[in-house]
Amino acid sequence: MMPEVNLIPAPRRIERNGGSGPFGGDVRTGVDPAVGPEAYRLVVSSGGAEIVGGDDAGVFWGRQTLRQLTGPDAFRRAPIERGPVTVPYVTIEDRPRFAWRGFMLDVARHFLPKDDVLRYVDLLAAHKLNVLHLHLTDDQGWRIEIRRYPRLTEIGAWRKRTRMGWGEPVLWDERPHGGFYTQDDLREIVAYAAERHVTVVPEIDLPGHSQAAIAAYPELGNTDVVDTAALEVMTDWGINRNVLAPTDAVLRFYEGVLEEVLAIFPGQFVHIGGDECSKEQWRGSPTAQARIRELGLRDEDGLQAWMIRHFDRWLAARGRRLIGWDEILEGGLAEGAAVMCWRWYRGGIAAAEAGHSVVMCPQQEVYLDHVQAHGPEEPVPFGWVHTLEDVYRFEPVPPRLAGTPHAANIIGAQANLWTEVVENRSRVDYQAFPRLVAFAEAVWSELPDPDERDFDDFERRMNTAHYARLDALGVGYRPPGGPRPWQQRPGVPGRMHGKPRRTWRMAD
């Protein structure tokens, strides 16, 4: 019986060449730029397999497809059976829809050891995802070694305790939590990812989400309105009013941080956050108000935009590009900046129409820390319900841009996993999978409009093949029937939001 072709992501074209047969591992590869960036052509026949990629990445993605064709055991770390496997004889021609197919892992709220990050590089590569966005700094922890500022990790990488969940009653894990990556750790992650054609994008959050840095170096904060020397690394969640001071000394400090960041991460983009910056302290700070008058700015939003534009120019002078959350639009967008749109689609639409590159990652669609189903058995319910089908129907290009030249400014999309209540690898697995599989197909494959997508076929391919691949990879995913008993978190409170209407339908 001929094996079924159950590929995820779904390729653009499959031609069955008739029959199937043993495959013993004979693979011939080549590069032909005419095939296109990251594209490939895979031919499997009685003579073995041939992969021609438009570049080395295309060859690599073709190998991932061949890996799927050879069966779930190809995803184990060592073979459990010897000899050839039976594979379908096919010709597959494929290329990605988007250049940026990303996953954000928040290692600031809960630190993950280096080996867990390396494992996620492998999981991204197996699904043809090519960007790992590491959220390295926040109020609750600083996770990257900066040699000229050692207190960032000596103090900023550790908190005394951790809030458990979100709602009532307030519960605490009284154990200290922390950790950080040395620069050599991060160079290893970057090199490991590059071998698998995954780019690592670092995020150094500013001017908000900075309490861990201020706890380490109190002079970074608004010392004229707050006793910053009394601040510690934050132990709770939520938007924090302790933000960086808009001074030249702070700019020089973060330039020093970014100089070391650029030496570790060779990719084009550097993420500087820019989200959820409370302006309360700036409104009360004589220093901040004097800076607003000196620069001739209208208000505190303009002050944040001034800081973002400073680092946009600073990065551009070094051949890099700034990317930030869509709040960087407030007060005027830096000329060369790219936008990561997380609040609905409006900011991404505005940025794309203004000629800026945009990565779509709306929380209403692809925030994987949000709950996967209704019901009390789901661990730490938070946000909106994002089912596997919801993520499969995610559409990065909103209707207002579809068919216009501005659609080309949507360079890709990203699924984000924040870790306030995701404290270890098992919880990351549960929240990410299988939804990250659906996301991978949505951003690689040329799919119809969301309502016309064949979710039944996707679910069938998951059930007949892909869950077995995840099992072979050792992924602790959420089973289709709901969480296993050890995946639940009884007694840990959550915080649900009202379910919004389907955002892809929005004209704006």
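Since this is a predicted model, take the numbers as computed values, not measurements.

When the terminal C-alpha atoms of helix α2 (residues 114-126) are compared, their 19 Å separation across 13 residues agrees well with the 18 Å that a helix rising 1.5 Å per residue should span. By the criterion of burial, α2 is predominantly enclosed, with ten of the 13 residues buried. Residues Asp116, Val117, Leu118, Arg119, Tyr120, Val121, Leu123, Leu124, Ala125 and Ala126 constitute the buried set of α2. Phi for lysine 128, located one or two positions after α2, is positive at around 65 degrees.

Turning our eyes to something else, we now look at the sheet that holds strand β20 (residues 410-417). Reading around the barrel, the eight strands line up as β6-β7-β14-β15-β16-β17-β18-β20 and close back on themselves, with parallel pairing between neighbours. Ignoring which end each strand starts from, the neighbouring axes of this sheet average 30 degrees apart. Packed on one face of the sheet, helix α6 (residues 248-264) meets β14 (199-206) and β15 (269-273) and runs near 170 degrees to β14. Packing against the sheet, helix α9 (residues 300-316) makes contact with β14, β15 and β16 (321-325), and its axis sits at approximately 150 degrees to β16.

We now examine the pairing of β14. Burial runs high along β14: seven of the eight residues are buried. Bridge count for β14 against β15 is two bridges, and the pairing is parallel. Bridge pairing in β15 places glutamate 203 opposite histidine 271.

Nonpolar side chains in soluble globular proteins tend to end up buried together. Core analysis: the largest hydrophobic core is formed by 145 residues, its most contacted members being Phe103, Trp142, Ile144, Leu152, Tyr254, Phe433 and Phe439. Residue contributions to this core peak at nine residues, all from α6. Not counting chain neighbours up to four residues away, the residues in contact with phenylalanine 439 comprise Gly102, Leu129, Val366, Val391, Phe394, Ala413, Gln414 and Ala415. Membership of the second largest hydrophobic core comes to six residues, among which are Trp166, Val380, Val421 and Val492.

For the rest of this paragraph, the subject is the environment of valine 233. Secondary-structure assignment places valine 233 in the loop between α5 (211-216) and α6. Spatially, the C-alpha atoms of valine 233 and alanine 157 are 8.0 Å apart, while their sequence positions differ by 76 residues. Leave out the neighbours within four places in its chain, and valine 233 touches Asp139, Gln140, Gly141, Ile155, Gly156, Trp158, Arg159, Gln211, Ala212 and Ala215.

In this section: the pattern of salt bridges. In this structure the tally under the stated criterion is 40 salt bridges. The closest approach of N and O atoms between glutamate 420 and arginine 109, which form a salt bridge, is 3.4 Å. Of this pair, glutamate 420 sits in the loop between β20 and α13 (425-432) while arginine 109 sits in the loop between β6 (100-106) and α2; the two residues are 311 residues apart in sequence, bridging distant segments of the chain. Like arginine 109, glutamate 420 is buried. Taken together, the shared-partner salt bridges in this structure form one network comprising Glu4, Glu441, Asp457, Arg460 and Arg461.

If you walk across this open sheet you meet the five strands as β1-β5-β3-β4-β2, and the pairing is mixed. The outermost strands of the open sheet, each flanked by one partner alone, are β1 (13-23) and β2 (27-31). Recorded for the sheet is a direction-independent mean angle of 20 degrees between the axes of neighbouring strands. Alignment of β2 against strand β4 (residues 48-53), held across five bridges, turns out to be parallel. Bridging across to β4, valine 31 finds its partner in glycine 53. Set on the sheet, helix α1 (residues 56-69) makes contact with β1, β2, β3 (40-45), β4 and β5 (85-94); between it and β3 the angle comes to about 35 degrees.

Of the residues in the protein chain, 97% have a pLDDT of 70 or more, and the chain-wide mean is 95. The low-confidence segment residues 503-507 (pLDDT under 50) makes 18 contacts with residues lying over four places distant or belonging to another chain.

Before going further, it helps to examine unusual backbone geometry. In this structure, the amide linkage connecting isoleucine 8 to the following residue, proline 9, adopts the cis form with an omega of 0 degrees. In this structure, the amide linkage connecting phenylalanine 433 to the following residue, proline 434, adopts the cis form with an omega of 10 degrees. Relative to the assigned elements, proline 434 resides in the loop between α13 and α14 (435-444). Of note in the backbone geometry, glutamate 276 takes a positive phi value of approximately 50 degrees without being a glycine. Relative to the helices and strands, glutamate 276 is located in the loop between β15 and α7 (280-284).

Rules used in this analysis
- Residues numbered from 1 in each chain as written.
- Predicted model: local features only at pLDDT ≥ 70, side-chain atom pairs only at ≥ 80, totals over all residues.
- Heavy atoms only, no water.
- Helix = DSSP H or I, 4+ residues; strand = E, 2+ residues; numbered from the N terminus.
- Expected span 1.5 Å × (residues − 1).
- Buried < 20%, exposed > 50% of the residue type's maximum accessible area, 1.4 Å probe, protein only.
- Pairing = 2+ DSSP bridges.
- Axes fitted to C-alpha atoms, helices over the stretch in contact; angles between N-to-C directions.
- Contact = heavy atoms within 4.5 Å.
- Core = buried A, V, L, I, M, F, W, Y, C linked by side-chain atoms within 4.5 Å.
- Salt bridge = Lys/Arg side-chain N within 4 Å of Asp/Glu carboxyl O.
- pLDDT = per-residue confidence, 0-100.

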